[in-house]
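In case you want the letters, here they are:
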Amino acid sequence: MGQCKSVVFDMDGVLFDSEALVIACWEEVAQKYAIPDIQKICRRCLGSNATASREMFLAYYGAEFPYDEYKREMSDRYWDAVRVGKLMLKPGVREILAALKQHGFLTAIASSTRRAVICEQVGQFGLLKFFDQIIGGDEVHHSKPHPEIYQKACEALDVAPETAYAVEDSYNGIRSAYAAGLHPILIPDLLPPDAEMQQLAEHIFPQMQAFQEFLFSK
């Protein structure tokens, strides 16, 4: 681990408190259209890209479920919330990104969110300068928990997976990073670590600051 000089971050739930905001917007849509179990299916989709999430919704609610219509309405509500400042940066993110750059680490984002959305949100907070590479969910063939997105992030950084940390909040993200051979770091957001996560994650930290202290207090 002493050779690790790269960190690959998930975005939603790691850099931004966006997963909670997405679920809140889905709950508004669910209330309007009397959709049951929306929390359950949303949590099942955590860490998955748009294609995989759509498949999970249709598998749960049936092929006739108007997912695309409801997803558009949820998305409109989400971006309305973003425009009025309801998207929050997670505590400690700006600090760790600055410290990583100062210490010569390579950094990337490997998020199931589309690349254009990643760039827009990261750019709104002035954080694009901190990332050497960005890989979006629309740039891979397989969604997390498949290892492809982390493999592609390491290729883009030109580093070996065993020399990189992967910072995740979701079960699917940790599974993806572990399968790709990175050092998985879990910082839980909406889901507490279960027995599988305790086994797959190399370290579990309560917040980003604790991960920063782990990196730079040696």
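Here the structure is shown first, and the text comes after it.
Residues numbered from 1 in each chain as written. Predicted model: local features only at pLDDT ≥ 70, side-chain atom pairs only at ≥ 80, totals over all residues. Heavy atoms only, no water.

Some remarks on unusual backbone geometry
Phase 1 of the analysis: The omega torsion of the bond from lysine 144 to proline 145 falls at 20 degrees, within 30 degrees of zero and hence cis.
Phase 2 of the analysis: Residue placement: proline 145 occurs in the loop between strand 3 (133–135) and helix 7 (148–157).
Phase 3 of the analysis: Phi angles above zero are rare outside glycine, and alanine 34 is one such case at about 55 degrees.
Phase 4 of the analysis: Here alanine 34 is to be found in the loop between helix 1 (18–33) and helix 2 (38–44). (Helix = DSSP H or I, 4+ residues; strand = E, 2+ residues; numbered from the N terminus.)

Re the pattern of salt bridges
Phase 1 of the analysis: In this structure the tally under the stated criterion is 11 salt bridges.
Phase 2 of the analysis: In this structure, the salt-bridge partner of glutamate 28 is arginine 77, at a minimum N-O distance of 2.9 Å. Residue glutamate 28 is found in helix 1, and its partner arginine 77 is found in helix 4 (residues 67–83); the two are separated by 49 residues along the sequence.
Phase 3 of the analysis: With relative accessibility at 37%, the residue glutamate 28 sits in the partly exposed group.
Phase 4 of the analysis: Given a relative accessible area of 27%, arginine 77 falls into the partly exposed group.
Phase 5 of the analysis: Close ionic contact of glutamate 196 with arginine 175 constitutes a salt bridge, the shortest N to O distance being 2.8 Å. (Salt bridge = Lys/Arg side-chain N within 4 Å of Asp/Glu carboxyl O. Buried < 20%, exposed > 50% of the residue type's maximum accessible area, 1.4 Å probe, protein only.)

Details of the packing of helix 7 against helix 8 (residues 171–180)
Phase 1 of the analysis: Packing of helix 7 against helix 8 leaves a shortest axis separation of 7 Å and a crossing angle of 55 degrees. The angle between the axes of helix 7 and helix 8 places the two elements in the oblique class. For the crossing formed where helix 7 meets helix 8, the hand is right-handed. Every residue of helix 8 that contacts helix 7 at Ile149, Tyr150 and Gln151 is listed here: Gly173, Ser176, Ala177 and Ala180.
Phase 2 of the analysis: Each residue belonging to the contact of helix 7 with helix 8 can be placed in one class, and the counts come to 4 nonpolar, 3 polar and no charged. (Axes fitted to C-alpha atoms, helices over the stretch in contact; angles between N-to-C directions. Parallel < 35°, antiparallel > 145°, perpendicular 65-115°, else oblique. Left-handed = near helix turned anticlockwise from the far one by under 90°. Contact = heavy atoms within 4.5 Å. Nonpolar A, V, L, I, M, F, W, Y, C, P; charged D, E, K, R; others polar.)

Description of the pairing of strand 4 (residues 164–168)
Phase 1 of the analysis: The buried fraction of strand 4 amounts to 5 of the 5 residues, a majority that puts the element mostly inside the structure.
Phase 2 of the analysis: What you see with strand 4 is no split at all: Ala164, Ala166 and Glu168 on one side and Tyr165 and Val167 on the other are buried throughout.
Phase 3 of the analysis: Relative to strand 4, strand 1 (residues 6–9) is paired through 4 bridges, and the arrangement is parallel. Bridged to valine 8 within strand 4 is alanine 166.
Phase 4 of the analysis: Pairing of strand 4 with strand 5 (residues 183–186) involves 4 bridges; the strand directions are parallel. Of the residues in strand 5, the one forming a bridge with valine 167 is isoleucine 185. (Pairing = 2+ DSSP bridges.)

By themselves these figures say nothing about function.
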